[in-house]
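Structural characterization, general
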Amino acid sequence: MKTLVIAEKPSVAQDIVRALTPMAGKFDKHDDHFENDQYVVTSAVGHLVEIQAPEQYDVKRGKWSFAHLPVIPPHFDLKPVDKTKSRLSAVVKQAKRKDVTALVNACDAGREGELIFRLIEQYAGGSKPLGKPVKRLWLQSMTPQAIRDGFENLRSEQQMQGLADAARSRSEADWLVGINGTRAMTAFNSRDGGFFLTTVGRVQTPTLAVVVEREEQIRKFVSRDYWEVHASFLAEAGEYGGKWFDPAWTQDAEDKEKKADRVWDARRAIEIADAVRGKAATVTEESTPKTEASPGLFDLTSLQREANGRFGYSAKTTLALAQSLYEKHKALTYPRTDSRHLPEDYVPVVKQTFEMLADKGFSHLQPHALVALNNNYIRKIPRVFDNSKVSDHFAIIPTLQAPSGLSEAEFKLYDLVVKRFMSVFFPSAQFMVTTRISQVQGHHFKSVGKVLVNPGWQAIWGKEAEKEGDENARMLVAVKPGEMARTESAEAKGLKTRPPARYSEATLLGAMEGAGKLVDDDELREAMQEKGLGTPATRAAIIEGLLNEKYMLREGRELIPTAKAFQLMTLLRGLQVEELSKPELTGEWEYKLAQMEHGQLSRAQFMAEIAAMTERIVKKAKEYDRDTVPGDYATLSAPCPKCGGVVKENYRRFACCGADGTSEGCGFSFTKSPGGRTFETPEAERFLRDKKIGPLEGFRSKAGWPFVAELALVYADEEHNWKLEFDFGDDASEDSGEIVDLSGRESLGACPKCGSPVHEHGSNYVCSKAVPTHGQPTPSCDFKSGQIILQQPIEREQFVKLLATGKTDLLDKFISNRTRRPFKAFLAWNAEEGKVGFEFEQRESKYPARKAAAKKTPFGKAATQTAKAPAARKTPAAKKSAAAKTPRKAAVGTLKPSAALAAVIGDGTYARTEVVKKIWDYIKANGLQDAANKRAINADGKLRAVFGKEQITMFELAGIVGKHLG
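Now for a quick tour of the structure.

Our next topic: empty space enclosed by the protein. Taken as a whole and assessed by the stated rule, the structure comprises 1 cavity of 30 Å³ or more. The volume enclosed by the largest cavity comes to roughly 30 Å³. If you trace the largest cavity, you find it lined by Asn105, Glu114, Arg118, Val134, Lys135, Arg136, Arg155, Ser156, Glu157 and Met160. Counting only elements with at least two residues in the lining of the largest cavity, the list comes to helix H3 (111–125), strand S8 (134–136) and strand S9 (155–156). Taken together, the residues of the lining of the largest cavity sort by class into 2 nonpolar, 2 polar and 6 charged.

Quick look at the structure:
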């Protein structure tokens, strides 16, 4: 009889096998499990099973209708996760074996790990329980001894029942609120026709509320003028700067903009500057030592925030890179963690990791690893090693595996984690901070200088440790005791108060993590202290979901809420279901789930409360009987096209309110959300003024499919009023044969077929000889290309670029007609086929020597068929023979170097790869790689003219050389 051990991840299963081998005997490795005489060890890959409403309680057709809401099934069925069906089958097969008489839940030590196992066990049993006893392996450390100790102290199924109930309840509650809330809000917003998908969720909506609230603060912010007085003082040793401040100033609780160094009257600021200019200053100063410890180890959220701030990586990108470093390269520990500490028995592993970095690490890190080892820095430091602060997983640190073949982005992230890991064991950085007060004519000026005495951990980071914009991190020239200084210059600088900054992904992740601080209730705030909104593993997906649903836009690093986001918040307030937008909901759930874990609240009671809340949300939306939802609405600057009256916004429409802006008006109005896409206020004003707008993306059909279209205001004779219509660019007049007048229209460029001017015409870009004109009634060219292709708007600037260079920039919003999935492509002129087609992005390879030629596909073919024309299958022998007969062609050189580059590699024509090789040969021959940093290249007399500076990195080389090739 054997015991089946189910881990959450394959790597954990392997760790368990290694730990059990000395005490239980050697394991045989099979495709999907390990086995010996006592144990079968297998693993999931995260969630293999998810919950769903039973068929008879859920609706497939009309599910967005109030008629079928709320959906509150008495129980939930299970369905396999599509991506991992094969893995689930493999685990269930082992669980059903007759010789397997007991199970051990070895999934991660936490609520989610408990749920993953329990759902697999339930699914394996089918309609009746599996009926095999279960024990729980509870691990907070993955050392072999910790695993063996865990097997010696397995917990019973009864001990884990509270955690299992809490895990299942949280999952089902999220389903009930998300499904019913989304369907109810969508049904409410779609009452007037169309399909306006309005998603809500326990974590998603409060996160969006945080961003909307910040944007409301920015919009309401009224900037005020203030002045600062800056002076320059001359001492015997040189000049130093200082800023005026009021030593008697105290904090104003009513006005946070008031500060000690701000003057609110221009005349007074000028008077201060005039009073001190050219006068002697009495100088006093005080120097105090200061230490600064390294920040703690990374959890996923802090890693995402740091990577966003340093490199601009999105939370999604950082998670993908960390996952690749964990799964593919085995170089980082499990990244989806919310802990920033290590288990207390992990000191030996940390020391081994430093030994690996000292032996096989990157050259810029090896010296620091040796310093740590030689000086015994790796000790059991309480702020690093703390079992009480290790949750399901410990902090993200490098493994004992030295990575190779990393992409540039993977290297940056790995380097960041390793430096933070090393830093926590190094001593604190030591500074001497000098505060100098220069007193002139009764006015005080402050100067602060910060001098690094001992870099400590900052030695690992070099210049990266310097904080940008730290006005204190500067040297102050010395002033002797009792020395007077002269005020050389003084100037009053006019400034303006600034609104709070918009959220970036880094700051929004921080707000989600610390959302408990926004909760007033002490018990709920305590319950959220360790949780926040979402988990480290889900926060990136929440942000991406808000972007995908067009609740937010990403501009640079800023996240900006859309009109759709404001509309949702207005709706929740108007329906009096604001709890959906408050972090208190999560706090309340966490408080009750914690009670459930400790047996103080029953699962049935909690789920009954969730069902009641769900019913109330649906009831509020279903029974709302007023004409509009109250809110803070805009007044448009453009007049009503029918009567010239004032047009105002309400919840559903922009409507005429008469000349005085308060009456019912003339009856003109248009919907705020045509096709499920909400107008931004500037868009509505432009649409009203120009009576046309687009093409715009983000519309949805009644079936929920996205589409792109133009909108037009059209006068309807039968209704004697203007109405909104979709314009899909299929106006028959474009191909009616009528004479087209293109005179006076600006040419976008030359037709690639005949060289004639190309113009915008209707919904296309057309050659002037492809339409009947006065000069040429019979067209002689057929060049035409749509302004919208597979739902991707082709902007005028992009088509100009295509005509000028043969190719647009990479466009990323094409939607495949076959798969309905988005894809990226260039639009490029295909001379062979005589039409514009797709050219797909070349993927960067770790092995850049050979690059496949880009493929071009005409629009008539499926958009996702990139290049893979089916070829006759060859036998291995045939392939080998063909390879032997066909020598690889050498690159043909057509690029001519500049004079500066020719001085290094010689004159002539070259292929780009040949140029880079010659440059490297020159660098190596002359020993120009920097001795301390092999990634840096020093310039000699010849290379200085090419580089334009004294030193570059190897990553810059290709780009710089490219500028010298024509």
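Across all of its chains, the model carries 0 disulfides by this definition. Between Cys751, a free cysteine, and Cys781, which holds the nearest cysteine sulfur, the sulfur-to-sulfur gap is 3.8 Å. Take Cys751: its relative accessible area is 4%, and that puts it in the buried class. Just so you know, Cys754 is unpaired, no disulfide at all, and the nearest cysteine sulfur is the one on Cys767, 3.5 Å from it.

Across the sheet, which stays open at both edges, the 3 strands sit in the order S18-S19-S20 with antiparallel pairing between neighbours. The strands lining the two open edges of the sheet, one partner per strand, are strand S18 (647–649) and strand S20 (669–671). Averaged over neighbouring strand pairs, the angle between their axes works out to 15° when direction is ignored. Here S18 pairs with strand S19 (residues 653–656) via 3 bridges, running antiparallel. Bridging from a neighbouring strand, Val647 pairs with Cys656 of S19.

Let's shift gears to the sheet that holds strand S25 (residues 757–761). Adjacent strands of a sheet form backbone hydrogen bonds with each other and so pair up, either parallel or antiparallel. Here 4 strands make up an open sheet; going across it, the order is S24-S25-S26-S27 and the pairing antiparallel. If you trace the sheet from one side to the other, it starts and ends with strand S24 (749–750) and strand S27 (784–786), each paired once. When S24 meets S25, the two strands line up antiparallel, connected through 2 bridges. Bridge assignment links Gly749 to a residue of S25, and that residue is Val758.

Turning our attention to the side chain of Ser423. Here Ser423 shows up in helix H12 (residues 408–423). There is a polar contact of 2.6 Å between the side chain of Ser423 and the backbone oxygen of Lys419. Polar contacts involving the side chain of Ser423 include one to the side chain of Trp461, which spans 2.7 Å. Beyond its immediate chain neighbours, meaning those up to four positions away, Ser423 contacts Ser294, Trp457, Ile460 and Trp461.

This part covers the packing of aromatic side chains. Each aromatic ring pair is specified by the distance between its two centres and by the angle formed by the two planes. Scanning the entire structure with this criterion turns up 34 aromatic pairs. Note on Phe354 and Phe421: the rings are 5.2 Å apart at their centroids and 35° apart in plane angle, and the pair reads as tilted. A residue pair is termed long-range when its members are at least 10 positions apart, and Phe354 in helix H10 (residues 347–360) and Phe421 in helix H12 qualify at 67 residues. Side by side, Phe354 and Phe421 carry an identical accessibility label, which is buried. When the centroid spacing of 6.2 Å and the interplanar angle of 45° are considered together, the rings of Phe838 and Phe840 count as tilted. Residue classification places Phe838 among the buried positions, given a relative accessible area of 1%. Taking relative accessible area as the criterion, Phe840 reaches 12% and is therefore assigned buried. Taken together, the ring pairs in this structure connect Phe654, Phe668, Phe670, Phe679 and Phe687 into an aromatic cluster. Sitting over the ring of Trp264, Arg224 keeps its end group 4.6 Å from the ring centre.

Parameters and conventions
- Residues numbered from 1 in each chain as written.
- Predicted model: local features only at pLDDT ≥ 70, side-chain atom pairs only at ≥ 80, totals over all residues.
- Heavy atoms only, no water.
- 1 Å grid on protein atoms, 1.4 Å probe; cavity = no way out; pocket = protein on both sides within 12 Å on 5 of 7 lines; lining within 4 Å.
- Points joined across faces, edges and corners; volume = space filled by probe spheres on them.
- Helix = DSSP H or I, 4+ residues; strand = E, 2+ residues; numbered from the N terminus.
- Nonpolar A, V, L, I, M, F, W, Y, C, P; charged D, E, K, R; others polar.
- Disulfide = S-S within 2.5 Å.
- Buried < 20%, exposed > 50% of the residue type's maximum accessible area, 1.4 Å probe, protein only.
- Pairing = 2+ DSSP bridges.
- Axes fitted to C-alpha atoms, helices over the stretch in contact; angles between N-to-C directions.
- Polar contact = N/O pair within 3.5 Å; in protein donor to acceptor, adjacent residues only side chain to side chain.
- Contact = heavy atoms within 4.5 Å.
- Phe/Tyr/Trp six-rings, centres within 6.5 Å; stacked < 30°, edge-to-face > 60°.
- Lys NZ or Arg CZ within 6 Å of the ring centre and 35° of its normal.

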